[in-house]
Amino acid sequence: MSTGTTKLDVVVSDVVPVNDLVTRFHFRRRDGELLPTFSGGAHVVVEMRDGERTRLNPYSLMGSPLDTREYTISVRRDDVGRGGSLFMHRSVKPGLEMVISYPVNLFSLDLRAKKHLMLAGGIGITPFMAQTAQLAGAGGNFELHYTCRTASLGTYADVLQQRHGNRVRLYHDDREERIDLDRLLSSQPLGTHLYVCGPAGMINWVRDRAAALGWPPETVHYEHFAAPQPGLPFDVTLAVSGKTIRVGEQQSLLEAIEAAGVDPPCLCRGGVCGQCETNVISYDGKFIHNDHWLSEEDHRSGCKIMPCVSRFEGKSLVLER
Amino acid sequence: MGITFRKETFRDDFTFRNSPEHIRRFPFPFHEDAYMYAVNIEPHVVGPKGSVLENLIDVDEHYVAEMQDRALVLAEDPLRCQSLPHMTLAGWDLLELLMEQQALGYPEHFTLERNGDRWRWINRPLGIDDTFTFGDTSTLPYGPMEYITRQSQGDFCILDQRDGNLWMDAGMVTTQADWSLDFDIGMNFFEWHAPVPLAHEKGIFTRALKFLTNIQQGKPARRLNWTMTINPRLDTSPENYHKWGPDRGTVTPENVGDKVHLRVELQSFWRLPRSNGIVFPIRCYLIKMDELVTQPKWARRLHRVIRDLPEELATYKGLTRYRPTLVEWLSKLDDGSATSPGFGPD
Amino acid sequence: MAAKTIISRPIYGTLSPQPGKHHLFIADAEGALAITDMAGKAPPGFFDGAEIVFIAGPEGKHIAALEALKPAQLHLPPSFASLLPRLKQTLTNAQMGLRLYLAGTEGLIGQAMQVALEAGIDHTSMQTEHRGSLARRMQCVHCKGITENVTTQPATCSHCGLLLLVRDHYSRRLAAFQGVCINAEDRSEIPPMEEAFP
């Protein structure tokens, strides 16, 4: 929902198959400078230009926040998804220039915690790579429990055990090793925070058991990727200035209006101040309201829109601008 | 060329003055002839040369004197600078931000040399030349937040972002308009704003919070806030209210121009990279009425704003005792003619 | 009943039984009734895993009612100060899954919460219910001293003697309301003291 983070021009510096399903990608800045530092758990959104189509996928940064000469992400190939991971596996080679967002963190550590208990399933290990590196660098108290299907699919398990010794426990499905979750959750000191990242089923199971065993919700953190989708392009008629504009995929409605030489009042460009409120004269389609200014009723009425953050899908839209 | 730093005081004999250039660059906060709360947040981008926005962190002619006043406040009351234990990493984030911005904007006064994690910081106006290890508190004379904010104008609040809310978990607060860091530290966004009248009902804080929790690295935002102070006193803390409060009763028609000051806060909001927190610098600017009215547009506009200000706001901003005297004094400079839109002087 | 005035003024709820096996209750005076009222909604066996710490008044009211709940432990310290070392130790040894319930005067709730916050328990996870006196703990913003059992508006700081406006602005960290000099601008103004927080 971020109204456009700053973008980074990068080049792919390495592509490393890790196992049958997972490949690691390394990025460096095209201008050779250090990449921005970040907090463990942050992700970047990678823009994938696949011919006519642009996809945006978030991937957790795996490297240590203490070393930002490059960013590394790991992508698990998903043969039945929307195609983003396939694109990465098939079309991204060293030397390719790409654009990524600045780091954004929706899964951050609670630094008040007296202990961080981490549960990872499969590719969910990635944010914990960065977080364990960050905590180890600062002498933090953590424990990581990592379930994977087989040893070979235990991406980075060796690396983690080498770095952190018995603070890492592994569980292999094919050897019938299971996390004894109830026992684990019943034996943590007060002030522990719990972090889980993995398949939806695993996250739900952990959250349910934690609640039943008395863990307050504020102490249970789970990664939920808010995958921002590029909007579909749409056409708009500006009735007052007599112009027709096309709002591109990567552009906000406000930016498109401004590009046409019309300057609505605006201030925050983030959907909260109300300055750019615009009346809708007519429409045939549906609104995608992303603001926090208009009321529910305004949203439903179809009479108003906040062009800095909201979009439209449909046949026609006429605005009073 | 650099800045010529003034020797002046913000207490006792109050020798603080603005040079003519600093009067014209003053961040006058009213763009129209009335005032009400709004979510007046906008992107914090560099503004015109010669304005307070020419650098994102502004250092002006009052820098040295302000830092001396800060040191006095802290010596009297160390509770003005506090950092809850989990906020040290955010303190390092802030140290990096302020060193980079001050060195970038004022290379004749500040230099930052980075060699891996061995950093050297030179602050010529304050005579500081320190080499330290970034991330290692034992290599600095104070914790990182205190170290750098003793060298930066304005107050700084560092907010931890958790559970969709912002928590004031660290701060250096010596130039505040009447709130106590020691009391408010640990509160969340709604709690520390609780005493502000009217704004909560208008949904101002809910919207502001949504915006702030979404601020991203590299895209800071800003807004202006204002109040008034009698005498150019930076330390108008509740802790010392029993010392400065009586000043409000000393305003007479003869001394308005000299004693009554407009106090403007340029607030900005920056995402901190390693801690994922937000830093909230509150940069304070003071101008006495005699200086302000050298810009006729400002004189007329300020008269109208203060005259028509809703009672609850006037009370909350502490203007009640001297408002009539101030309005009377300003009215003589208001011939009723139109004021141009926008903040700047004509 | 504590009324909602400003957002930083805490609002207390009604105790309700939380999931989990270990429950710690801390209460004073009429707060005992909040516990016995809640017992009606608790699942069978709830109190088998419960420890109750209760500061009774001088007449020992409500002790019998609490004994009847058959908690795993019932402690009867004479004062908050005396329960403090044991409470800190309990929390040091405790594990995630322990749920806290605080009931009674605002001062008791606030001070118990302070200790729990230090131990790493988030305030939103604690159950609280206010019963009985509205008397407040107040911190003088000028001298930082805390005055207990404030029932008047304004009130005198028991440390530095300034006359203070007892604000509704409350700090969880200090477990106190803020007191600010009420007549700083004109010391000759002495507003009459009235009972405001009985």
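Procedures and definitions
Every chain's residues receive numbers from 1 upward, in the order its sequence appears when written. Working convention: letters from A go to chains and numbers from 1 go to ligands, in the order in which they are written. Per-residue local features are limited, in this predicted model, to residues with pLDDT of at least 70; the limit for side-chain atom pairs, both in listing and counting, is 80 or more; totals at the level of whole chains, interfaces and linings are taken over all residues. Hydrogens and water are ignored here; the side-chain numbers use all heavy atoms of the structure. Secondary structure is summarised from DSSP: a helix means a run of H or I of at least four residues, a strand means a run of E of at least two, and numbering begins at the N terminus for each. Here the radius of gyration uses the C-alpha set of atoms, whereas the globule reference equals 2.2 Å times the residue count to the power 0.38. Think of it in three bands: residues with accessible area under 20% of the maximum for their type are buried, residues over 50% are exposed, and the middle band is partly exposed, with areas taken using a 1.4 Å probe on protein chains only. Accessibility throughout is a Shrake-Rupley quantity obtained with a 1.4 Å probe, and a residue counts as covered only by protein chains that appear here. For the purpose of charge, His is not counted, nor are the chain termini; Lys and Arg are scored as positive and Asp and Glu as negative. By convention, the point assigned to a charge is CZ for Arg, NZ for Lys, CD for Glu and CG for Asp. By definition, two strands form a pair when at least two bridges between them are found by DSSP. Note on definitions: angles span 0 to 180 degrees between N-to-C directions of axes, and those axes are lines fitted to C-alpha atoms, for helices only across the stretch in contact. Only heavy atoms enter the contact rule, under which two residues are in contact if any of them lie within 4.5 Å. Buried area adds together the accessible area that both of two parts lose upon being put together, with accessible area traced by a 1.4 Å probe. Criterion for a salt bridge: a side-chain nitrogen of Lys or Arg within 4 Å of a carboxyl oxygen of Asp or Glu. All amino acids are sorted into three groups, where Ala, Val, Leu, Ile, Met, Phe, Trp, Tyr, Cys and Pro are nonpolar, Asp, Glu, Lys and Arg are charged, and the leftover types, Gly among them, are polar. Oblique is the label for any angle not covered by the other classes, which are roughly parallel (under 35 degrees), roughly antiparallel (over 145) and roughly perpendicular (65 to 115). The term polar contact refers here to a pair of N or O atoms within 3.5 Å; inside protein, the definition further demands a hydrogen-donor-capable atom paired with an acceptor-capable atom, and it admits residues adjacent in sequence only when both atoms are side-chain atoms. Put simply, a disulfide is two cysteine sulfurs that come within 2.5 Å. Nonpolar core, defined: a set of buried Ala, Val, Leu, Ile, Met, Phe, Trp, Tyr and Cys residues in which side-chain atoms within 4.5 Å join the residues together. In a helix, the anticipated span is given by 1.5 Å times the number of residues less one. Values of bend correspond, residue by residue, to the angle between axes fitted over the seven residues ending at that residue and the seven starting there. In this scheme Phe, Tyr and Trp rings, the latter by its six-membered ring, pair at centre separations within 6.5 Å, and the angle between planes marks the pair as stacked below 30 degrees, edge-to-face above 60, and tilted otherwise. Handedness of each helix crossing follows the sense of rotation of the near helix against the far helix: counterclockwise by less than a right angle gives left-handed, clockwise gives right-handed.

Asks: Can you help me understand the overall build of chain B in this one?
Replies: When helices and strands are tallied, chain B shows 13 helices and ten strands. Relative to the globule expectation of 20 Å for 346 residues, the C-alpha radius of gyration of chain B, 20 Å, shows essentially globular dimensions. Expressed along its principal axes, the backbone C-alpha trace of chain B runs to roughly 60 × 45 × 40 Å. Counting every position in chain B, which comprises 346 residues, the buried fraction comes to 64%. Accessible surface for chain B amounts to roughly 12900 Å². Of this, 54% is attributable to carbon and sulfur atoms. Side-chain charges of chain B comprise 39 positive and 49 negative groups, with the mean position of each set lying 3 Å from the other.

Asks: How do you make sense of the sheet that holds strand β1 (residues 7-17) of chain A when you look at a structure like this?
Replies: Two pairing modes exist for strands in a sheet, parallel and antiparallel, and in both the strands are linked by backbone hydrogen bonds. Residues and elements named next belong to chain A. Overall, antiparallel pairing links the six strands, which are arranged β4-β3-β6-β1-β2-β5 in an open sheet. In the strand order of this sheet, the two ends are held by β4 (53-60) and β5 (71-76), each with one partner. Put simply, the sheet's adjacent strands are angled 40° from each other on average, direction ignored. Looking at chain direction, strand β3 (residues 43-50) and strand β6 (residues 97-101) are connected through two bridges and run antiparallel. If you follow Val46 over to β6, its bridge partner there is Ile100. Each of β2 (22-29), β3, β4, β5 and β6 touches helix α1 (residues 84-91); the most contacted strand, β4, lies at about 90° to it.

Asks: Would you mind showing me how to read the interface of chain C and chain A here?
Replies: Frequently, the measure chosen for interface size is the accessible area removed from exposure when the parts meet. Taken together, the contacts link 17 residues of chain C with 18 residues of chain A. The junction of chain C with chain A conceals about 1400 Å² of combined surface from both sides, 56% of it contributed by carbon and sulfur atoms. Of all residues in chain C, the largest losses of buried area upon contact with chain A belong to Gln95, Met96 and Asp122 of chain C, amounting jointly to 44% of the total for that side. On inspection of chain C and its partner chain A, the count reaches one salt bridge. Class assignment of the residues belonging to the side of chain C that touches chain A gives a composition of seven nonpolar, six polar and four charged.

Asks: It is not clear to me how the sheet that holds strand β10 (residues 278-288) of chain B should be interpreted in this structure. Could you clarify?
Replies: Residues and elements named next belong to chain B. Across the sheet, which stays open at both edges, the seven strands sit in the order β1-β8-β9-β10-β6-β7-β2 with antiparallel pairing between neighbours. The two strands at the open ends of the sheet, each matched to only one other strand, are β1 (42-43) and β2 (81-83). The sheet contact formed by β2 and strand β7 (residues 165-172) spans three bridges and is antiparallel. Looking at the pairing, Cys81 lines up with Met172 of β7.

Asks: Can you help me understand the packing of helix α2 (residues 126-137) of chain A against helix α3 (residues 157-164) of chain A in this one?
Replies: Packed helix pairs are specified by the crossing angle of their axes together with the interaxial distance, meaning the distance between the axes. Residue and element names in this part refer to chain A. Where α2 contacts α3, the axes come no closer than 12 Å and their chain directions differ by 10°. Relative to α3, α2 is oriented roughly parallel. Mapping the contact onto sequence places Met129, Thr132, Ala133 and Ala136 in α2 and Val159, Leu160, Arg163 and His164 in α3. Within the contact of α2 with α3, the residues separate by chemical class into five nonpolar, two polar and one charged.

Asks: Help me out: how do you make sense of the interface of chain B and chain C in this one?
Replies: Listed per partner, the contact involves 24 residues of chain B and 26 residues of chain C. Approximately 2200 Å² of surface area, both sides summed, lies buried where chain B meets chain C, with 56% of it carried by carbon and sulfur atoms. Applying the counting rule to chain B against chain C returns seven salt bridges. The residue Arg248 of chain B makes a salt bridge to Glu185 of chain C at a minimum N-O spacing of 2.5 Å. At the surface where chain B touches chain C, the tally comes to twelve residue pairs in polar contact (both at pLDDT 80 or more). Of all the secondary structure elements, the ones that give two or more residues to the side of chain B that touches chain C are α5 (181-184), α6 (189-192) and α8 (241-244) of chain B.

Asks: Help me out: how do you make sense of the state of the cysteines in this one?
Replies: Formally, a disulfide is one covalent bond, and it connects the sulfur atom of one cysteine to the sulfur atom of another. Applying the stated criterion across every chain, the model contains zero disulfides over all chains. Not part of a disulfide, Cys197 of chain A finds its nearest cysteine sulfur in Cys148 of chain A, a span of 14 Å.

Asks: Whenever I open this one, the nonpolar core confuses me. Can you help?
Replies: Burial of nonpolar side chains together is a common tendency in soluble globular proteins. In this structure, Trp226, Met228, Leu262 and Met289 of chain B are the most contacted members of the largest nonpolar core, which totals 69 residues. By residue number, the principal contributor to this core is helix α7 (residues 204-213) of chain B, which donates six residues. Not counting the four nearest positions on each side in its chain, Met289 of chain B is found in contact with Met228, Val256, Gly257, Val260, His261, Leu262, Leu302, Leu326, Trp329 and Leu330 of chain B. In this structure, Tyr171 of chain A together with Phe80, Ile121 and Met126 of chain C belong to the second largest nonpolar core, which totals 40 residues.

Asks: Explain the pairing of strand β4 (residues 118-123) of chain B here, please?
Replies: In the case of a regular strand, side chains alternate between the two sheet surfaces. Residue and element names in this part refer to chain B. In terms of strand pairing, strand β3 (residues 110-115) meets β4 through six bridges, oriented antiparallel. Opposite Asn115, over in β4, you have Arg118 as the bridge partner. In the sheet, β4 pairs with strand β5 (residues 128-133) via six bridges, with the strands oriented antiparallel. Pairing of Trp119 across the sheet is with Phe132, part of β5.

Asks: Any chance you could explain helix α3 (residues 80-93) of chain C here in plain terms?
Replies: Along an α-helix, residues three or four apart share an orientation, since each turn contains 3.6 residues. Residue and element names in this part refer to chain C. Counted at 1.5 Å a residue, the expected span for α3 with its 14 residues is 20 Å, and the 20 Å between its end C-alpha atoms agrees. Along its length, α3 reaches its greatest deviation from straightness, about 30°, at Arg86. Regarding α3, the residues found buried are Phe80, Leu83, Leu87 and Leu91.

Asks: Looking at this structure, how should I read the packing of aromatic side chains?
Replies: Counted under the stated rule, the structure contains 33 aromatic pairs over all chains. Geometrically, the ring pair formed by Phe189 of chain B and Phe205 of chain B is edge-to-face, given 6.0 Å between the ring centres and 80° between the ring planes. Placement of Phe189 of chain B in helix α6 and of Phe205 of chain B in helix α7 is noted, with a sequence separation of 16 residues between them. A centroid spacing of 4.4 Å and a plane angle of 15° characterise the contact between Phe25 of chain C and Tyr101 of chain C, whose relative ring orientation is stacked.

Asks: Would you mind showing me how to read the packing of helix α11 (residues 296-308) of chain B against helix α13 (residues 323-331) of chain B here?
Replies: Residue and element names in this part refer to chain B. Relative orientation of the contacting elements α11 and α13 amounts to 150°, with a least axis distance of 9 Å. The orientation of α11 with respect to α13, classified from their angle, is roughly antiparallel. Our pair here, α11 against α13, has a crossing hand that is left-handed. Along its contact with α11, which presents Ala299, Leu302, His303, Ile306 and Arg307, the element α13 presents Arg323, Leu326, Val327, Leu330 and Ser331. Across the contact of α11 with α13, the residue classes break down as six nonpolar, two polar and two charged.

Asks: Quick question: what am I supposed to make of the pattern of salt bridges here?
Replies: It is possible for side chains of opposite charge to pair when their charged atoms get near one another. Per the stated rule, a full pass over the model turns up 58 salt bridges over all chains. Across the pair Lys144 of chain C and Glu239 of chain B runs a salt bridge whose closest N-O atoms are separated by 2.8 Å. Taken together, the positions of Lys144 of chain C in the loop between β6 (136-140) and β7 (146-150) and Glu239 of chain B in the loop between β8 (221-230) and α8 put the pair across two chains. Across the pair, Glu239 of chain B and Lys144 of chain C agree in class, each one buried. Between Asp37 of chain C and Arg131 of chain C there is a salt bridge, with its nearest N and O atoms 2.7 Å apart. Here the residue Asp37 of chain C occupies a position in helix α1 (residues 31-39), and Arg131 of chain C occupies one in the loop between β5 (127-130) and β6, the gap between them amounting to 94 residues. A cluster of three or more residues bridged by salt bridges with shared partners is formed by Arg25, Lys49, Glu54, Asp58, Asp60 and Arg283 of chain B.

Asks: Help me understand the environment of His22 of chain C in this model?
Replies: All names here are of chain C. One can find His22 in strand β1 (residues 22-28). A residue is classified by how much of its surface remains accessible, and His22, at 49% relative accessible area, is partly exposed. Between the C-alpha atom of His22 and that of Asp37, which follows or precedes it by 15 residues, the distance is 19 Å. Beyond its immediate stretch of four places on either side in the chain, His22 contacts Gly49, Gly97, Leu98 and Arg99.

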